[in-house]
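# Commentary on secondary and tertiary structure
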Amino acid sequence: MTINDKEDQLKLDELYYYKVIDRLAHLSKSSMFTSVVVALLVCTVFWGRVETWILAAWIVTLLITILVRAALIRRFWRLDLENSCLRCWARRYVILIYCSAACWGFLPFLDIFSSQDWARSFLIFVAAGTSSGGMVSLHPLLNAAIPYVLIILVPMMIVLAQGPELSLIVMAIMGGFYCISLVRSTFLLNKASHDSIRK
């Protein structure tokens, strides 16, 4: 392979990676709005039932990560491809994805999750929705999508597995199967997405 061939290959690789990131940016745009709505609903439901400073810190942290993600996406669409590092942009974005997931993954550690059945059911529903939504919106990048799902679901499974009721342990096991199903679906979506980009 000549130097020119290598340069052409590098250009093709960068163009391919740009298309992957562009798809990620478009999918993430709508999911961020949904995340804001769900976060506000969580705060509305738990207001007065969970310490105000905890809820305030939680939603402020989550909103900041979402706003910075939105700013990064806007910046991506203005990038000069010849003088920009797409992988640097992707690394920053993925770190913010992990921060958002950590905010959702924190919720099962609230006292109300263990003490109130309705709160547990509500938060399980929230975790199922946000993790599956993340799978759909982040699947172009596996290193973003799979950790996002795991960071949200694993803490919930850990808390549920501590019981003491058998039903909670069974729910933790079911959560594990759900998590495996989402990870598998992420791989399938990722493959389909990359195949369509290559065409």
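Reference entry: report on the structure contained in this document.

## Details of the side chain of Ser-193
Within the secondary structure, Ser-193 is located in helix H7 (residues 166–198). Judged by relative accessible area, Ser-193 falls into the buried class, the value being 4%. Dropping the residues within four chain positions of it, Ser-193 is found in contact with Arg-23, His-139 and Pro-140.

## Re a nonpolar patch on the surface
Taken together, Leu-166, Ile-169, Val-170, Ile-173, Met-174, Phe-177 and Ile-180 make up a surface patch of nonpolar side chains, about 720 Å² in accessible area. With respect to the secondary-structure elements, Ile-169 resides in helix H7. On the accessibility criterion, Ile-169 (31% relative accessible area) is partly exposed.

## Comments concerning the state of the cysteines
Applying the stated rule across the entire model yields zero disulfides. Of all cysteine sulfurs, the one in Cys-99 lies closest to Cys-103, which takes part in no disulfide; the gap is 7.3 Å. For Cys-103, a relative accessible area of 8% corresponds to the buried category.

## What to know about the nonpolar core
Membership of the largest hydrophobic core comes to 56 residues, with the highest contact counts inside it found for Phe-46, Trp-58, Trp-89, Tyr-93, Trp-104, Leu-141 and Leu-153. At the level of elements, helix H1 (3–46), helix H2 (52–76), helix H3 (86–106), helix H4 (111–115), helix H5 (117–138), helix H6 (142–161) and H7 are the ones that each hand at least two residues to this core.

## Observations concerning the packing of aromatic side chains
As enumerated under the stated definition, the model contains six aromatic pairs in all. Ring centres of Phe-46 and Trp-118 lie 5.8 Å apart, and the angle between their planes is 45°; this geometry places the pair in the tilted category. With Phe-46 in helix H1 and Trp-118 in helix H5, the pair connects residues that are 72 residues apart, well separated along the chain. Among the residues examined, Trp-118 registers a relative accessible area of 34% and is labelled partly exposed. Pairing Phe-46 with Phe-122 gives two aromatic rings, centres 5.7 Å apart and planes at 90°, and the pair type is edge-to-face. One end of the pair, Phe-46, is in helix H1; the other, Phe-122, is in helix H5, and 76 residues separate them in sequence. What links up through ring pairs into an aromatic cluster is the set Tyr-18, Phe-76, Trp-89 and Tyr-93.

## What to know about H6
Between its terminal C-alpha atoms H6 stretches 27 Å, which fits the 28 Å expected from 20 residues at 1.5 Å a residue. At Leu-153, H6 is deflected by roughly 25°, the largest bend along its length, and proline Pro-155 occurs up to four residues later in sequence. Contacts from the buried residues of H6 go to H3, H4, H5 and H7. Gly-163 sits one or two residues past H6 and shows a positive phi near 65°.

## Focus on H3
Taking 1.5 Å per residue as the helical rise, H3 with its 21 residues ought to reach 30 Å, and the 30 Å between its terminal C-alpha atoms agrees with that figure. All buried positions along H3 are accounted for by Leu-86, Trp-89, Ala-90, Tyr-93, Val-94, Leu-96, Ile-97, Ser-100, Ala-101, Cys-103, Trp-104 and Gly-105.

## So, the pattern of salt bridges
Taken as a whole and assessed by the stated rule, the structure comprises two salt bridges. In this structure, the salt-bridge partner of Lys-191 is Asp-195, at a minimum N-O distance of 3.1 Å. Separated by four residues within a single helix, Lys-191 and Asp-195 lie in helix H7, roughly one turn from each other. Given the relative accessible area of 52%, Lys-191 is considered exposed.

## So, the packing of H5 against H7
How two helices pack is summed up by the angle between their axes together with the distance between the axes. Contact pair H5 / H7: the axes reach a minimum separation of 9 Å and the direction vectors enclose 15°. Here H5 lies roughly parallel to H7, going by the angle between them. Judged by the twist between their axes, the crossing of H5 over H7 is right-handed. Contacts from Arg-120, Ile-124, Ala-128, Ser-131, Ser-132, Met-135 and Val-136 in H5 reach Leu-168, Met-171, Tyr-178, Leu-182, Ser-185, Thr-186 and Leu-189 in H7. Residue classes in the contact of H5 with H7 are distributed as nine nonpolar, four polar and one charged.

About the cut-offs
Residues numbered from 1 in each chain as written. Predicted model: local features only at pLDDT ≥ 70, side-chain atom pairs only at ≥ 80, totals over all residues. Heavy atoms only, no water. Helix = DSSP H or I, 4+ residues; strand = E, 2+ residues; numbered from the N terminus. Buried < 20%, exposed > 50% of the residue type's maximum accessible area, 1.4 Å probe, protein only. Contact = heavy atoms within 4.5 Å. Patch = residues over 30% accessible without salt bridge, like charges linked within 9 Å, V, L, I, M, F, W, Y side chains within 5 Å. Areas by Shrake-Rupley, 256 points an atom, 1.4 Å probe, with all protein chains shown as cover. Salt bridge = Lys/Arg side-chain N within 4 Å of Asp/Glu carboxyl O. Disulfide = S-S within 2.5 Å. Core = buried A, V, L, I, M, F, W, Y, C linked by side-chain atoms within 4.5 Å. Phe/Tyr/Trp six-rings, centres within 6.5 Å; stacked < 30°, edge-to-face > 60°. Expected span 1.5 Å × (residues − 1). Bend = angle between axes of the 7 residues up to and from the residue. Axes fitted to C-alpha atoms, helices over the stretch in contact; angles between N-to-C directions. Parallel < 35°, antiparallel > 145°, perpendicular 65-115°, else oblique. Left-handed = near helix turned anticlockwise from the far one by under 90°. Nonpolar A, V, L, I, M, F, W, Y, C, P; charged D, E, K, R; others polar.

No statement about biological role is implied by the geometric values presented.
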